Amino acid sequence: MDRRQGLKLLTGALSLAALAPARAFAQTPAPAGPFKLPALGYANDALEPHIDATTMMIHHDKHHAAYVANANGLVAKWPELATTPIETVLADLSKVPEAVRAGVRNNVGGHWNHTFFWELMTPGGPKEPTGELKSAIDAMGGLPGVSEKVNAAGMSRFGSGWAWLVVKGGKLDVISTANQDTPLETGAKPVLGVDVWEHAYYLKYQNRRADYLKGWWNTVNWDKAGANFKKATG
Ligand code: MN
């Protein structure tokens, strides 16, 4: 081997070594199972400056991936989880065998909540509600007041959870849920929801949950929220 060949080999080995950790980090091993980690639909940095790229990457590739992996792990203990529609499972957790109920609540709930959340954000689109959702929000006092109520629900959620704008009994309402509980089990249909777990904001905002919530409204996909409203009232 001459010097040039040796150098080429060395360069190849170095670039492989550089590549290996990146690949390992980007690809979370996916255990066989019915639940899949959905793609974000936009780049990790697409929601900057409101949500930073590192938070998005860890939140999606690590936290959400863990809920998916754990949910798939539960199928071995309760095979019906693979064949029952996810919203049916989450709407009535009393039908879930007690041995796996907490796991289903946390991990299948976490998977559902985060899938909803990624779709509810976008770097583009209208910056405020339109159509029927706008009318309903206006009837509730307008967007500034409604977003303030959602933020208050997020601020008063002690520890980890979510704040939601939902349709319940045909009317808009604001609720919050603990941990990875979904609005589905309360009979509510979510229009929009915001993750107030520290993992959703801590790298950029640290203890300033109020600032995160304020910034988060700039990321809302109002087309998706409008579609959620239509589905909830249809
Ligand atoms: Mn989260």
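Look a little higher up for the structure.
**Observations concerning the coordination of the manganese ion**
Now for step 1: At this site the manganese ion is bound by His59 (NE2), His114 (NE2), Asp195 (OD) and His199 (NE2), with donor distances of 2.0 to 2.1 Å.
Now for step 2: One chain supplies every donor for the manganese ion, spaced along it as H-x54-H-x80-D-x3-H. With histidine 59 in helix H2 (residues 53-74) and histidine 199 in the loop between strand S3 (189-195) and helix H7 (202-205), this residue pair connects regions lying 140 residues apart in the sequence. For the pair shown, histidine 59 and histidine 199 are each scored as buried.

**Considerations on the nonpolar core**
Now for step 1: Leu81, Val104, Met121, Leu165, Tyr212 and Trp216 are the most contacted members of the largest nonpolar core, which totals 60 residues.
Now for step 2: Of all the elements, helix H4 (residues 98-119) adds the most residues to this core, at 7 residues.
Now for step 3: Not counting chain neighbours up to four residues away, the residues in contact with methionine 121 comprise Tyr42, Leu47, Ile51, Met56, Trp216, Thr219 and Asn221.

**Re unusual backbone geometry**
Now for step 1: Of note, the bond from glutamate 48 into proline 49 is cis; its omega dihedral lies within 30 degrees of zero at 0°.
Now for step 2: Structurally, proline 49 is set in the loop between helix H1 (3-26) and H2.
Now for step 3: The phi angle at glutamine 206 is positive, at roughly 50°, despite the residue not being glycine.
Now for step 4: On the secondary structure map, glutamine 206 appears in the loop between H7 and helix H8 (209-216).
Now for step 5: Under the relative-accessibility criterion, glutamine 206 is labelled partly exposed at 29%.

The rules behind these values
Residues numbered from 1 in each chain as written. Predicted model: local features only at pLDDT ≥ 70, side-chain atom pairs only at ≥ 80, totals over all residues. Heavy atoms only, no water. Donors = N, O, S within 2.8 Å, 3.2 Å for Na, K, Ca; no water. Helix = DSSP H or I, 4+ residues; strand = E, 2+ residues; numbered from the N terminus. Buried < 20%, exposed > 50% of the residue type's maximum accessible area, 1.4 Å probe, protein only. Core = buried A, V, L, I, M, F, W, Y, C linked by side-chain atoms within 4.5 Å. Contact = heavy atoms within 4.5 Å.

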